[in-house]
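Geometric and topological summary
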Amino acid sequence: MKRRVYLVDDEPLALVRLARLLDATGRVEIVGQATDPERALVEIAARAPIELAFLDISMPGRDGFAVARALPAEVMVVFTTAHDQHALRAFEVNAIDYLCKPVRDDELARALDKLDRLRAVPELPERIPSRLGDRVQLVELDHISHFYAEDKLTYAVAGERSYVIDPTIAELEARYAAAGFFRIHRATLVRLAAIAELRAGTDGTRVRLADGRTELAVARDRVRDLKDKLGLC
C-alpha cells in the first residue's frame, strides 16, 4: 500500500525535485503540494487521511515548525531544509526525520522506512511498564492523566501516584497523540479529556485537571493549539 503524503515548500523547484524523488521510490502517493503554508493546512485537512507531510522550515508567514504544530495529530512530519541548525528543535515537534537539501535518495528511503515501522504497530499498548529496581509495575494507560519530565527522568501520573517510565516526552507524544494526549509544554504531555479548566493569569496560561488539585503550565507557543484541540477557538 502506498503512503499518502503532502509536500510543502515555498520554492517551486524544490517541490518538483522532491516530488520526482518520491515518485521514483514507488512507495508513496502524493496527494497534494503547496508553496503557501496556509493553503497547505487547508488542503491537508480536506484530503485526509494523509500519513506524512514533507515540510520546508524557512517559509514566509508560518514556518515549518508552526505548520507542524497545526497539523492533525495523525500526520507525521519530515522536515526538508537547506540548513542543519534546526535539527534539535525539529524533533521537539515530533518530526520523524530531518533531511538537508539537496535531499538524497538514501536519506529519503530512510525516512520512508521510519514511517513504515511506525505505522506497522498494530495498536497502542494498554499498559506502560514502570521499572523500580528488579520490579516492573504495569500502569494502565487509561488511568494516566499526564506525563512529565523532571531531573532527566520521565513520569506517568495516575491518580495520586507518579511512576518512573523509560520513554521520553517526545517519544510518548509520537506514540500517544492519537490516543488523546497533547504536549502543552516541552516537559509535559497531558490527556485532553483530563483537562477541566483553562485559565490565563499573570503567571501565564495553566490548566487544572479533573482531580481538582493538579495545575500544569502551558507554554506560550502551545496555547493556541491547545485551545483548538479543546474546541475553544
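Anyway, here's the lowdown on the structure attached to this text. (Residues numbered from 1 in each chain as written. Predicted model: local features only at pLDDT ≥ 70, side-chain atom pairs only at ≥ 80, totals over all residues. Heavy atoms only, no water.)

**Brief notes about the pattern of salt bridges**
Our working rule: Salt bridges are defined by distance alone: a side-chain nitrogen of Lys or Arg within 4 Å of a carboxyl oxygen of Asp or Glu. The numbering of helices and of strands both runs from the N terminus, where a helix is a DSSP run of H or I of at least 4 residues and a strand a run of E of at least 2. Note on classification: 1.4 Å probe, protein chains only; a residue is buried when its accessible area is under 20% of the maximum for its type, exposed when over 50%, partly exposed between these limits.
Tallied over the entire structure, the rule returns 23 salt bridges. Residues E215 and R199 are paired through a salt bridge, measuring 3.0 Å at the closest nitrogen-oxygen approach. Within this pair, whereas E215 is found in strand 15 (residues 215–218), its partner R199 is found in strand 13 (residues 195–201), the two being separated by 16 residues in sequence. For E215, a relative accessible area of 25% corresponds to the partly exposed category. Overall, the relative accessible area of 30% leaves R199 in the partly exposed class.

**Examining unusual backbone geometry**
Backbone torsion omega between A48 and P49 reads 5 degrees, so that peptide bond is classified as cis. Of the consecutive residues K101 and P102, the connecting peptide bond is found in the cis state with omega at -5 degrees. By the element assignment, P102 lies in the loop between strand 5 (95–100) and helix 5 (105–119). A positive phi angle, close to 55 degrees, is found at D151, a residue other than glycine. Tracing the chain through its elements places D151 in the loop between strand 8 (144–150) and strand 9 (153–158).

**Let's talk about the pairing of strand 7 (residues 135–140)**
Put simply, the test is: Two strands are counted as paired when DSSP detects at least two bridges linking them.
Here 6 bridges tie strand 6 (residues 127–132) to strand 7, and the two strands are oriented antiparallel to one another. Looking at the pairing, S130 lines up with Q137 of strand 7. The hairpin formed by strand 6 and strand 7 contains 2 residues between the paired strands, and G133 there has a positive phi angle of roughly 65 degrees.

**Description of the sheet that holds strand 1 (residues 3–8)**
Defined as follows: All axes here are fitted lines through C-alpha atoms, helices being fitted over the stretch that makes contact, and every angle between N-to-C directions spans 0 to 180 degrees. Residue contacts are counted whenever heavy atoms from the two residues lie within 4.5 Å of one another.
Read from one edge of the open sheet, 5 strands run 2-1-3-4-5, paired in parallel fashion. Each of the sheet's edge strands pairs with one partner strand only, and the pair in question is strand 2 (28–34) and strand 5. Sheet twist, expressed as the average angle between the axes of neighbouring strands with direction ignored, equals 20 degrees. Pairing between strand 3 (residues 52–56) and strand 4 (residues 76–81): 5 bridges, direction parallel. Paired with A53 across the strands is V77, a residue of strand 4. Sheet contacts for helix 5: strand 1, strand 2, strand 3, strand 4 and strand 5; angle to strand 5, the most-contacted strand, approximately 175 degrees.

**A closer look at the pairing of strand 11 (residues 181–185)**
Burial of strand 11 is extensive: 4 of the 5 residues sit out of reach of the surface. Two strands pair when backbone bridges link them, and strand 11 and strand 12 (residues 188–191) are joined in this way by 4 bridges, in the antiparallel orientation. Considered in strand 12, the bridge of F182 is made with V190. Hairpin connection, strand 11 to strand 12: the antiparallel pair is bridged by 2 residues.

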